[in-house]
Structures are given as structure tokens and as C-alpha cells.
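A closer look at the structure
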Amino acid sequence: MARVLINVPRSAKRGDIITIRTLIQHTMETGYRPNAQGEVVPRDIIRRFTCSYDGAVIFSAELSPAIAANPFLSFTTVATRSGTVTMTWEGDNGFAQTETRPIEVT
Amino acid sequence: MRRTLALLLLALPASAQDRRSGFEDMARETQAMQRDDMQNPGMLWVAEGEERFNRDCTSCHTEASMRGVAARYPAWDEATGAPIDLAGRISACVERHQRATPPARESQALLALTAYVAHQSRGLPISRPTDPRLAPALAQGRALYGERRGQLDLSCVQCHDDNAGRRLAGSVIPQAHPTGYPLYRLEWQGLGSLQRRLRGCMTGVRSEPFAYGAAEYVALEIFLNDRAAGMAIETPAVRP
Amino acid sequence: MIVPTRRLLLAAPALLLLPRQADATPEAMAEAVRGFTGGAPVTPGRVALDISPLVENGNTVPLSVIVESPMTEEDHVRAIAVFNERNPQPHVITAQLGPRAGRALLSTHIRLATSQTLLAVAALSDGSFWSDRAQVVVTLAACIEG
């Protein structure tokens, strides 16, 4: 499992716009880099990120090799109700990771 | 060779004489990345180190007991009768106390543990290495720092004392304070130790670097800490 | 201030081995933008692409896009895409969002192989497309050394 850092506020007022920030450990191997033997290292990147909350996907993104190693993403959502924020990263070589964070909305 | 160096360095106003961390020489955006724990990729290694520490080390240590430790390393190691750096100290613990195979230098496991332990001292001042048993290593470090080396025949002094603050091609030459290690270097796209940084400076002047773990690096680190005594620890720093 | 031959002294020689022939081009970027807009016209405005004009290392470059929008059911940003001219590929990132985002905002860290132009395009719920571009000078290009 890749190491992740996630920042979702523990609590928020209904209607507040909250910021969600994520950082995940991944080399994002571009597929353009030759190794010491001069052979191109095959691409190995996270291709897709999805964030769901309160019954729907609220944000998703398609990533390319131009995203830096250890991808950082920050976006916003409106706090609607208490529940779970679910984040999924998917990529080359079967990479798949899901993380959840609770949020309390008052 | 001195003429070559003069040519290499683009004329910029001489730097301030005050000691300044490499942090000060970075672009505002890179500084912001270091300051923000959610954007500083080094924090991923600290998080891994924390997990490893809680699994492998808390039978004998607590998180609180690690505060301030990094500020006084390298220190004297009774068992070997030699100075030891923080990564070496952690490896020795694994070997002597856990009776397990110590993690290799620059391995993900050792970098993570070292980053976690050093992070406990973030903001604390580096202590001056006053232990008299460290004096010979300190002297050796000072000598290594002043010695010309490599095909370019340059010493650390020529870059980091005589020309600090000037630009060498794209990079500002920092004053070489070891305040942020292990740190996330954008160039490496990963975390690396002070020894990796020093190897980079050695191959930069076309000289053969010492092997990882060599006593020369520990001596250099003791000297760099003496020079940087009182400056705040930044681990995990970010550098270009 | 940038003299590439001098850089050789300190940086790994491998730095200069970026596969030039695989570079994206302004045409490839225009093509990728058409893929995103379906050929609809793109108007400069409403979008703010925030990136440092002078980047000290192309490996990790903070970038943000903010689009002016009320983000309501009737009037919102559906997607934000970022393109570049001179990386090996023109596409950087595409994000899908909607009224539940509250704000049309995206921040990430990107790689830049060299100095170039970046373009951010926003797709709005009314079918219009808006954009902003930024010129970036990279002093140390995204490196191929691990």
C-alpha cells in the first residue's frame, strides 16, 4: 500500500466550502526515461483519481506523466451531511488504493 | 583553475555574511512547499517512519524521547569507539538491540526512520559538537572541507564560503548548512540523506565520492554542524 | 542567466538526454485541446492559471487553476483541463467537477521538461470554453535521473 497523506476537515458547517488535499507516494514513472543501460523504463503512473462523498462522485481527475512524483491534489466541496469521504487512486500495473475519512457536518 | 571558477560564477552581488539556510535561497514556491506539511512530499517518509517506529522501536523508546536527539548527532558511540551519525545510530539499534539485519544506507526504511526521528527535532537548534572525543573528527572534517578535490580542483570552501549566494548555472550556491536532512530534493524526486547530497557535490567536481557510511562523511557532518550550530533543524526540508 | 553548458559541471550529464524527438509541439497541444472541446471555440478569460513564471526545478512545479463561476446547478464549471507545449505529451491533467465543488478550483504539482507555454481550459455547463495561458521559464528541467 502506498503511503498517503489526506486532509479532510473532521467537522464542518452545512453549506461550508471545504478544501480536500491529498498526497500519495508514487514515482509517476513517465515512460520516457532511459535507465543506466539506455533502455526506456516502462510507464508506471497513477492514471485516475476519484473522490466520492454523500452519494456521488464530487471530483475526479485523469493524470498524465506530467504530474510530479508523489502526486498532490487539492480541490473543494460543499459540506452537505455527515458521512464518509472516499478517495480512490488507480493506475498502471494494477495500482489501486482506496482511503476513507469521516466528516461530521452540523 | 581559479580563473575557471571565476568564469563559472555569474557575477551577482556578494552575499550577506550572515549564516542562512538553503531554505532562504529557494524560490518562494519551493519554500511554501516545505512549510506546508500537506504539500511537502518528505512528510510521506516521516509518516512511514512513524509507522515503523511504532512497530519496531517503542518497546524501548517513546516518541517524546526522540525529541532533540537529531540536534546532537553525530555523537560518540561507546560500542565502536567512534563518532556515529543518526542513521548509523538507528542501524546500530536494529543490529545490537533488535538483533536484526540493519537496513542499508539510503534504503527507504532507514531514510523513513531517520526522517521521523529528525522530524521530532524540527525547530530545535543544532548543538555545537563539544564532546572532546569528537575533536579529531571535527578537525578532519574541517580539513576535508578545505581540501581541493577532483578534476575541477575545487574545495567546499571555494563554493560554499567564497561564492555562496552566487549562481552556478541555474542554481544558487547555498552556504551548505545541514539543517534539513534527510530532505526531499526535487532533483531526486525522493528523500535523500546528507551523505547523498555530499556525494553529489563530490561528483560535481569530478572526484570519486567516499562510500556510503564512510567515516569521512561523519567527520564532514560534525564540521558542518559546528559551522551551523544554533541554526534550526528543518527536517524534512525541500530543496531544488 | 541560463547557460546550459555550464550546468554540466554540477548536474548529472544524463540531464541533457531528454528525448527531444518525442516532444509535444504547439500543434499537438492544439490537437489535444480540440479533443477536450470537441472543436468548440475557446475564449480567453474567466480562468486564472497560477504558476510561477520562473521555475527552479521542473520536477515538481506547483500549479493552480481557479475559474470564476457561481457553481450553481444552472451555471457551473464541468471540467478543467491543463495542457502544455513542450513536454513529451501535451496533456497534463483533466478534472471533472460540478456544483457540489462550491468553487471551481484545482491545485496540483506538475513536471516541466523545459521552458514553455501552459494552457488551462475550463468547460462550462452552458457549453462554452474559457482559457488562460502562462509562460514559464525553467532553469533546471525535469530530470530523467531517478
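Residues numbered from 1 in each chain as written. Chains lettered and ligands numbered in written order. Predicted model: local features only at pLDDT ≥ 70, side-chain atom pairs only at ≥ 80, totals over all residues. Heavy atoms only, no water.

**Quick look at the UniProt feature "domain: Sulphur oxidation protein SoxZ" (unreviewed entry) in chain A**
The positions UniProt marks with the feature "domain: Sulphur oxidation protein SoxZ" (unreviewed entry) are residues 9–100 of chain A. Annotated as residues 9–100 of chain A, this span is 0% helix and 51% strand, and its ends, taken at the C-alpha atoms, are 12 Å apart. (UniProt positions renumbered as here; feature names shortened; annotations may be inferred. Helix = DSSP H or I, 4+ residues; strand = E, 2+ residues; numbered from the N terminus.)

**Describing the interface of chain C and chain A**
Taken together, the contact between chain C and chain A spans 29 residues of the former and 31 residues of the latter. In total, chain C and chain A occlude about 2500 Å² of area from one another, counting both sides; carbon and sulfur atoms represent 52% of this. Its largest share of buried area at the contact with chain A, chain C owes to Gln96, Arg100 and Arg111 of chain C, together 31% of the area lost on that side. At the boundary of chain C and chain A, one finds zero salt bridges. At the boundary of chain C with chain A, the tally comes to 21 residue pairs in polar contact (both at pLDDT 80 or more). Of all elements in the fold, only strand S6 (91–96) and strand S7 (104–110) of chain C reach the threshold of two or more residues within the side of chain C that touches chain A. (Contact = heavy atoms within 4.5 Å. Buried area = accessible area lost by both parts, 1.4 Å probe. Salt bridge = Lys/Arg side-chain N within 4 Å of Asp/Glu carboxyl O. Polar contact = N/O pair within 3.5 Å; in protein donor to acceptor, adjacent residues only side chain to side chain.)

**Focus on unusual backbone geometry**
Residue and element names in this part refer to chain B. Looking along the chain, the bond that leaves Tyr73 and enters Pro74 is cis, with omega of 0°. Take Pro74: it is sitting in the loop between helix H3 (42–56) and strand S2 (75–77). Between Tyr181 and the following residue, Pro182, the backbone shows a cis peptide bond with an omega angle of -10°. Positive phi values are uncommon outside glycine, yet Gln189 reaches one of about 55°. Tracing the sequence through the fold places Gln189 in the loop between strand S6 (183–185) and strand S7 (190–192). Under the relative-accessibility criterion, Gln189 is labelled buried at 16%. (Buried < 20%, exposed > 50% of the residue type's maximum accessible area, 1.4 Å probe, protein only.)

**Some points on the pattern of salt bridges**
Any two side chains of opposite charge can pair, on the condition that their charged atoms come close. Evaluated as defined, the whole model comprises 26 salt bridges over all chains. In this structure, Asp37 of chain B and Arg122 of chain B form a salt bridge, with 3.1 Å as the shortest nitrogen-oxygen distance. In this pair, Asp37 of chain B is assigned in the loop between helix H2 (28–35) and H3 and Arg122 of chain B in the loop between helix H5 (108–119) and helix H6 (135–146), connecting sequence segments 85 residues apart. Across the pair Arg105 of chain B and Asp85 of chain B runs a salt bridge, and its minimum N-O distance is 2.9 Å. One end of the pair, Arg105 of chain B, is in the loop between helix H4 (86–96) and H5; the other, Asp85 of chain B, is in the loop between strand S3 (82–84) and H4, with 20 residues separating them in the sequence. A relative accessible area of 28% means that Arg105 of chain B is categorised as partly exposed. Within the structure, one salt-bridge network assembled from shared partners comprises Arg3 of chain A together with Glu48, Glu51 and Arg52 of chain B.

**Description of the sheet that holds S7 of chain C**
Taken in spatial order, the six strands line up as S1(A)-S3(A)-S6(A)-S7(C)-S4(C)-S2(C) in an open sheet, and their pairing is antiparallel. For this open sheet the edge positions go to strand S1 (4–7) of chain A together with strand S2 (47–51) of chain C, each flanked by a neighbour on one side alone. Taken over all neighbouring pairs, the strand axes of this sheet differ in orientation by 15° on average, direction set aside. Pairing geometry for S2 of chain C and strand S4 (residues 61–67) of chain C, over five bridges, is antiparallel. Bridging across to S4 of chain C, Val47 of chain C finds its partner in Val67 of chain C. (Pairing = 2+ DSSP bridges. Axes fitted to C-alpha atoms, helices over the stretch in contact; angles between N-to-C directions.)

**Here's the deal with the interface of chain B and chain A**
Interface extent is often summarised as the accessible area lost during association of the parts. Counting residues at the interface gives 15 residues for chain B and 13 residues for chain A. It is Met38, Gln39 and Leu44 of chain B in chain B that bury the most area against chain A; as a group they hold 55% of the surface buried on that side. The tally of links between chain B and chain A comes to three salt bridges. Linking chain B with chain A are three residue pairs in polar contact (both at pLDDT 80 or more), by the criterion used here. Residues of the side of chain B that touches chain A, tallied by class, amount to seven nonpolar, four polar and four charged. (Nonpolar A, V, L, I, M, F, W, Y, C, P; charged D, E, K, R; others polar.)

**Re the pairing of strand S8 (residues 116–124) of chain C**
Residue and element names in this part refer to chain C. Of all nine residues that make up S8, nine are buried, and the element is covered over most of its length. Alternating residues of S8 divide into Gln116, Leu118, Ala120, Ala122 and Leu124 and Thr117, Leu119, Val121 and Ala123, and every residue in both groups is buried. Two elements, strand S5 (residues 77–84) and S8, share seven bridges in a ladder whose sense is antiparallel. Residue Val77 lies in a different strand from S8, and its bridge partner there is Leu124. Pairing of S8 with strand S9 (residues 129–138) involves eight bridges; the strand directions are antiparallel. From the neighbouring strand, Leu118 faces S9, where its bridge partner is Ala134. Linkage of S8 to S9, two consecutive antiparallel strands, is achieved through a turn of four residues, within which Gly127 is found at a positive phi near 90°.

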